[in-house]
Amino acid sequence: MAIRTQLKLGLYGAGLAALFTGALFTAQAVMPADAAGDWAKAAEESMMKTTQHTAVGAAPAAAEHGQRGLSLEAGGFMLEEVTAPGVPGEAGILAFRIIDRDGQPLTDYELSHEKNLHLIVVRTDGTQFRHVHPTLDADGTWSVPWEWADAGSYRIFADFVPAGTGEPITLTRTVDVAGEVRPGRSAAAAEAHVAGYTVSVQGSLSAGTPSDLTFSVSRDGEPVTSLQPYLGAYGHLVALRAGDLAYLHVHPEGEPADGTAAAGPAIGFVAEAPTAGAYLLYLDFKVDGAVHTATFRLEASGAAGTAEHARPEADQDHGH
Ligand SMILES: [Cu+2]
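Below or above, wherever it landed, is the structure these notes cover.

Criteria and cut-off values
- Residues numbered from 1 in each chain as written.
- Predicted model: local features only at pLDDT ≥ 70, side-chain atom pairs only at ≥ 80, totals over all residues.
- Heavy atoms only, no water.
- Pairing = 2+ DSSP bridges.
- Helix = DSSP H or I, 4+ residues; strand = E, 2+ residues; numbered from the N terminus.
- Donors = N, O, S within 2.8 Å, 3.2 Å for Na, K, Ca; no water.
- Buried < 20%, exposed > 50% of the residue type's maximum accessible area, 1.4 Å probe, protein only.
- Phe/Tyr/Trp six-rings, centres within 6.5 Å; stacked < 30°, edge-to-face > 60°.
- Lys NZ or Arg CZ within 6 Å of the ring centre and 35° of its normal.

### A look at the sheet that holds strand β2 (residues 77-79)
Read across the open sheet, the five strands follow the order β1-β2-β3-β8-β7; overall the sheet is antiparallel. The open sheet has two edge strands with one neighbour each: β1 (73-74) and β7 (135-136). Pairing of β7 with strand β8 (residues 141-146) involves two bridges; the strand directions are antiparallel. Bridging across to β8, Leu 136 finds its partner in Trp 142.

Spelled out as structure tokens, the structure:
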């Protein structure tokens, strides 16, 4: 049995204190390009107010309970309208821009986990998860070939670090795909089956407390010890809070080259759930040149000391 690698990695929890309030444009689904100037002005005014509040000692609201991935604007940047095919089965392009307060497209990014931007797409019921890396044009447009498998309402997450800031930002928008929708509900599951692999997760989530999560990969009952590096690690975990899909993006701290992280079967994370309730976990791992995604649903218990620690629910859906 390989040494269990203990990888310390905080979910980027409450951090990212946006300078101005995150609620500014949450309700606005579509914003014409020529409104960018107004947006910039409003953002500036909002920031001034926030600064004034800060000056008298009050923390900005967004810093108190700010979660990533719930707004189309944060940290001075905004995710513009996303264009994509409107119906399932139609091959096309998914594209968008990130703009700054002046309405100028952001073209300079910092590498984070080997990429300039990570795009996560998931239907609001937690199904249809995809994680891809679009291409950036000279004019600041990100694009990737795209085809929807199913109708429904989707959340788009753009996860990136603007050059020179070192501050990860996650912006989100909703995209609707026409057609008959049959919402799924991912079953509570601490074990997933994908492409012949079985992946189980040990550990429990507890609100407000860092929790160890260890994923173990096996095939035909044998531990898999040939995991390949993917995005600079042996596993890539995306965690979303069920209900609002607040975005918690995590990676192991250990790297394949650091001499301590083993190539399986265990992949460790430390995760901190902001609240009690259900979380959707998506673990990307790479074996034999192919990336697979294992999906889990775990319950986080309430604040430490007030409730028993949640365990993964016992009933499992082996059918997905
Ligand atoms: Cu990525």
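On we go.
### Observations concerning the coordination of the copper ion
By definition of the ideal shapes, a tetrahedral metal site with four donors has angles of 109.5 degrees and an octahedral site with six donors has angles of 90 or 180 degrees. All of the protein donors around the copper ion are His 118 (ND1), His 131 (NE2) and His 133 (NE2); their distances to the metal are 1.8 to 2.1 Å. All donors of the copper ion belong to a single chain; written as a sequence motif, their spacing is H-x12-H-x1-H. Of this pair, His 118 sits in strand β5 (residues 117-123) while His 131 is found in strand β6 (residues 130-132), placing the two residues 13 residues apart along the sequence. Judged by its relative accessible area of 12%, His 131 falls in the buried class.

### Some details on the pairing of strand β20 (residues 290-301)
The sheet contact formed by strand β13 (residues 205-206) and β20 spans two bridges and is parallel. Bridging from a neighbouring strand, Ser 206 pairs with Ser 301 of β20. As judged from the 11 bridges shared by strand β19 (residues 277-287) and β20, these two strands associate in the antiparallel manner. Note on β20: the bridge partner recorded for Asp 284 is Thr 293. With antiparallel pairing between neighbouring strands as the criterion, β19 and β20 make up a hairpin whose turn holds two residues, including Asp 288 at a positive phi of roughly 50°.

### Looking at the packing of aromatic side chains
Counted by the stated rule, this structure contains 10 aromatic pairs. Ring geometry for Phe 129 against Tyr 282: centres 4.1 Å apart, planes inclined by 5°, an arrangement best described as stacked. Here the residue Phe 129 occupies a position in the loop between β5 and β6, and Tyr 282 occupies one in strand β19, the gap between them amounting to 153 residues. The exposure class of Phe 129 is buried, given its relative accessible area of 14%. These aromatic residues form a ring-pair network of at least three members: Phe 77, Tyr 109, Trp 142 and Phe 160. Over the face of the ring belonging to Trp 146 we find Arg 130, whose NZ or CZ atom lies 3.7 Å from the ring centre. For the cation-ring pair, Arg 219 lies above Tyr 197, with the distance from its terminal atom to the ring centre recorded as 4.6 Å.

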